[in-house]
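Topology and contacts: notes
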Amino acid sequence: MPGLLRGVARTAVVAGTATAVSNRVSRRQAGRWAAQDTPAAEQQDAAPAPAPAAAPPVADDMSSRIDQLKELGALKEQGLLTEAEFAEQKRKILGT
């Protein structure tokens, strides 16, 4: 039973990390595509665009990282992750 729980916990951590990375890549690509759609001449003639009203994605990204680290710490405290597994997943979440 502990092996099953460890597998489920590991899958949850990996899936959460993959979701966060996927969302960040999608936002980054959307920004690049938007910049490519506007020709350089139009960019120079157009007035600067106002700042977006939405919250910056950095804050969302940081809060999701914090949530993932909290979940990871809880799994380690429960004995579902070894120290090495914890360190590896933490490194992936922090991107270092």
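The structure contained in this document is the topic of the report that follows. These numbers were taken from a predicted model, which means no experiment stands behind them.

This part covers the nonpolar core. Burial of nonpolar side chains together is a common tendency in soluble globular proteins. Ranked by size, the top nonpolar core spans eight residues in total: Ala-9, Val-13, Leu-72, Leu-75, Leu-80, Leu-81, Phe-86 and Ile-93. Phe-86 has contacts with Leu-72, Gly-73 and Lys-76, leaving out every residue within four places of it along the chain.

Glancing now at the pattern of salt bridges. By the definition in use, this model includes two salt bridges. Residue Glu-88 pairs with Lys-92 through a salt bridge whose shortest N-O separation is 3.3 Å. Note that Glu-88 and Lys-92 are positioned in helix H4 (residues 83–94) at a spacing of four residues, about one turn of the helix. A relative accessible area of 36% means that Glu-88 is categorised as partly exposed.

Our focus in this paragraph is a positive patch on the surface. A grouping of Arg-24, Arg-27, Arg-28 and Arg-32 is seen on the molecular surface, where their side chains present a positively charged patch. The topology assignment puts Arg-32 in helix H1 (residues 2–37). Here Arg-32 falls in the exposed class, since its relative accessible area comes to 52%.

The description of an aromatic ring pair rests on the distance of the ring centres and on the angle between the ring planes. Across all of its chains, the model carries zero aromatic pairs by this definition. Cation over ring: Lys-76 sits above Phe-86, and NZ or CZ is 5.1 Å from the ring centre.

How each quantity is defined
Residues numbered from 1 in each chain as written. Predicted model: local features only at pLDDT ≥ 70, side-chain atom pairs only at ≥ 80, totals over all residues. Heavy atoms only, no water. Core = buried A, V, L, I, M, F, W, Y, C linked by side-chain atoms within 4.5 Å. Buried < 20%, exposed > 50% of the residue type's maximum accessible area, 1.4 Å probe, protein only. Contact = heavy atoms within 4.5 Å. Salt bridge = Lys/Arg side-chain N within 4 Å of Asp/Glu carboxyl O. Helix = DSSP H or I, 4+ residues; strand = E, 2+ residues; numbered from the N terminus. Patch = residues over 30% accessible without salt bridge, like charges linked within 9 Å, V, L, I, M, F, W, Y side chains within 5 Å. Areas by Shrake-Rupley, 256 points an atom, 1.4 Å probe, with all protein chains shown as cover. Lys, Arg positive; Asp, Glu negative; His and termini not counted. Charge placed at Lys NZ, Arg CZ, Asp CG, Glu CD. Phe/Tyr/Trp six-rings, centres within 6.5 Å; stacked < 30°, edge-to-face > 60°. Lys NZ or Arg CZ within 6 Å of the ring centre and 35° of its normal.

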